Amino acid sequence: MGNDSMGGELKVHAFADGAAYARRIARGLGVSFAPVRLHRFPDGESLVRVAPQAGRHAVLVRTLSDPNSKILDTLFAADALRRAGASRVSLVVPYLAYMRQDKVFHPGEPISQRVIGKLLGEAFDAVLTMEPHLHRVKNLAEVIPCETSTVAVAPAVARWVKREAKGCVVVGPDAESWRFVEAIARAAGAAWIVGEKQRHGDRRVKITFARTPAANHAVIVDDIASSGVTLAEAVRELRRHGVVNVDAVVVHAVFAPGALAMVRRAGARRIVSCDTISHPTNAIRTAPLFAEALRRAR
Ligand code: R5P
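Quick caveat, the model's predicted, so the values are computed rather than measured. (Residues numbered from 1 in each chain as written. Predicted model: local features only at pLDDT ≥ 70, side-chain atom pairs only at ≥ 80, totals over all residues. Heavy atoms only, no water.)

Caption draft 1: Summary view of the site of the ligand. Near the ligand there are 15 residues, and of these Asp222, Asp223, Ser226, Ser227 and Thr230 occur at the shortest range. Within the backbone of Ser226, an N or O atom sits 2.7 Å from an oxygen atom of the ligand. Thr230 is positioned such that a nitrogen or oxygen atom in its side chain is 2.5 Å from an oxygen atom of the ligand. Against a free-state accessible area of 380 Å², the protein chains account for coverage of 93% of the ligand. Broken down by secondary-structure element, the contributors of at least two residues to the shell around the ligand are strand 12 (196–201), strand 14 (217–225) and helix 6 (229–240). Considering each element in turn, the shell around the ligand owes the most residues, 4 residues, to strand 14. Broken down by class, the residue content of the shell around the ligand amounts to 3 nonpolar, 5 polar and 7 charged. (Near = heavy atom within 4 Å. Polar contact = N/O pair within 3.5 Å; in protein donor to acceptor, adjacent residues only side chain to side chain. Areas by Shrake-Rupley, 256 points an atom, 1.4 Å probe, with all protein chains shown as cover. Helix = DSSP H or I, 4+ residues; strand = E, 2+ residues; numbered from the N terminus. Nonpolar A, V, L, I, M, F, W, Y, C, P; charged D, E, K, R; others polar.)

Take a look at the structure:
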């Protein structure tokens with residue numbers, strides 16, 4: 001096992017913070033795992049070390065929650081793997097940060113999405129991610145100049161909905177979420193609606209639903225929960241419409257301090273997430289989906 005048509009024997013690598021997730025991918029593929037060692041110098045600079053690669057296809061697994069502290073080390077690891085002899089270096093990045101700033105919203109701002117995309121595209125041969133929040137661009141290849149792949153998570157979320165929330169209405173908090181919501185609802189055999197969201201600031205949103213969901217049970221699904229205000233406002237609004245049980249499922253559980261408690265206070269019954277970011281709400285495993293995508297690409 002382990003031979004890769006795209007670059008020799010495949011090996012999975014990760015920093016200590018993502019080792020458990022990366023080991024699951026390695027196990028799913030039947031290949032070995034090797035840690036990336038990280039040393040912090042007293043001045044805050046970092047040094048990464050990897051094992052010799054001998055012509056292997058090196059797959060680095062690194063989720064980019066807390067991105068400012070992780071991006072440089074991730075780029076250093078790509079360079080180290082190549083210099084150690086890897087014939088191909090791929091990045092599995094379950095949560096790809098900085099994708100929301102995809103245009104200049106106000107004069108004087110950068111397009112952070114493009115800056116990060118360029119850095120990753122130059123460092124890696126391939127980038128695989130999940131629900132990267134692409135709204136104004138059609139696909140990841142427009143953002144990251146290397147081979148890219150977006151692994152679908154909707155089927156896994158749909159399985160959760162089918163198992164845990166039979167008879168519910170699947171709800172998207174805003175128009176941008178409709179593709180994701182529709183994919184989940186169709187796969188789960190559920191009805192679905194999306195709301196209208198207006199954002200007035202980092203922590204201020206207004207969500208409205210044109211019609212009352214025809215069920216006592218709603219499951220809000222969204223790609224990211226960050227400040228938590230989108231989920232909290234959607235929960236409040238659904239309860240105002242008379243929906244008794246409101247659950248929430250998010251892919252990327254960023255959850256800033258206090259965010260989860262706020263969503264609970266708004267009246268959410270269950271709040272669950274995919275494990276692209278390690279969080280107490282994790283209930284849907286995604287490593288097998290990346291293992292399957294890598295297996296299919298071999
Ligand atoms: C926005 O379009 C996204 O899909 C999420 O709804 C948003 O990023 C969630 O952020 P927050 O938790 O800060 O409302």
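Following the structure, the description resumes.
Caption draft 2: Spatial organisation of the layout of surface pockets. The volume enclosed by the second largest pocket comes to roughly 270 Å³. In terms of residues, the lining of the second largest pocket owes the most to one element, helix 1 (residues 19–29), which gives 3 residues. A per-class count over the lining of the second largest pocket returns 7 nonpolar, 6 polar and 5 charged. Residue contributions to the lining of the second largest pocket reach at least three from each of two domains, namely domain 1 (10–151) and domain 2 (154–284). (1 Å grid on protein atoms, 1.4 Å probe; cavity = no way out; pocket = protein on both sides within 12 Å on 5 of 7 lines; lining within 4 Å. Points joined across faces, edges and corners; volume = space filled by probe spheres on them. Domains from an automatic or database assignment.)

Caption draft 3: Region of the structure containing the domain arrangement of the protein chain. Considered domain by domain, the protein chain is made up of domain 1 (10–151) and domain 2 (154–284). Placing a centre on the C-alpha atoms of domain 1 and another on those of domain 2 gives a separation of 28 Å. Opposite the 12 residues of domain 1 that make contact, domain 2 presents 11 residues. Approximately 1,000 Å² of surface area, both sides summed, lies buried where domain 1 meets domain 2, with 58% of it carried by carbon and sulfur atoms. (Contact = heavy atoms within 4.5 Å. Buried area = accessible area lost by both parts, 1.4 Å probe.)

Caption draft 4: Structural view of the pairing of strand 4 (residues 37–40). Pairing between strand 4 and strand 5 (residues 46–49): 4 bridges, direction antiparallel. Bridging from a neighbouring strand, His39 pairs with Leu47 of strand 5. Following strand 4, the chain reverses through 5 residues before pairing antiparallel with strand 5; Gly44 in that reversal takes a positive phi of roughly 95°. (Pairing = 2+ DSSP bridges.)

Caption draft 5: Main features of the pattern of salt bridges. Inspection of every chain in the model, using the stated rule, returns 21 salt bridges. The salt bridge partner of Lys197 is Asp174, with a shortest N-O separation of 3.1 Å. Residue Lys197 is found in strand 12, and its partner Asp174 is found in the loop between strand 10 (169–172) and helix 5 (178–188); the two are separated by 23 residues along the sequence. Classification of Lys197 by relative accessible area gives partly exposed; the value is 22%. Here Glu233 ties to Arg236 by a salt bridge, and the two come within 3.6 Å at their closest N and O atoms. With a gap of 3 residues between them, Glu233 and Arg236 both fall in helix 6, about one helical turn apart. The structure contains a network of salt bridges with shared partners spanning Arg163, Glu164, Asp247, Arg269 and Arg270. (Salt bridge = Lys/Arg side-chain N within 4 Å of Asp/Glu carboxyl O. Buried < 20%, exposed > 50% of the residue type's maximum accessible area, 1.4 Å probe, protein only.)

Caption draft 6: Just the packing of helix 2 (residues 67–83) against helix 3 (residues 112–123), in detail. The geometry of helix 2 relative to helix 3 is characterised by a closest axis approach of 10 Å and an angle of 15° between their N-to-C directions. With respect to their mutual orientation, helix 2 and helix 3 come out roughly parallel. As for how helix 2 packs across helix 3, the hand of that crossing is left-handed. Contacts from Ile71, Leu75, Ala78 and Arg82 in helix 2 reach Ile116, Leu119, Leu120 and Ala123 in helix 3. (Axes fitted to C-alpha atoms, helices over the stretch in contact; angles between N-to-C directions. Parallel < 35°, antiparallel > 145°, perpendicular 65-115°, else oblique. Left-handed = near helix turned anticlockwise from the far one by under 90°.)

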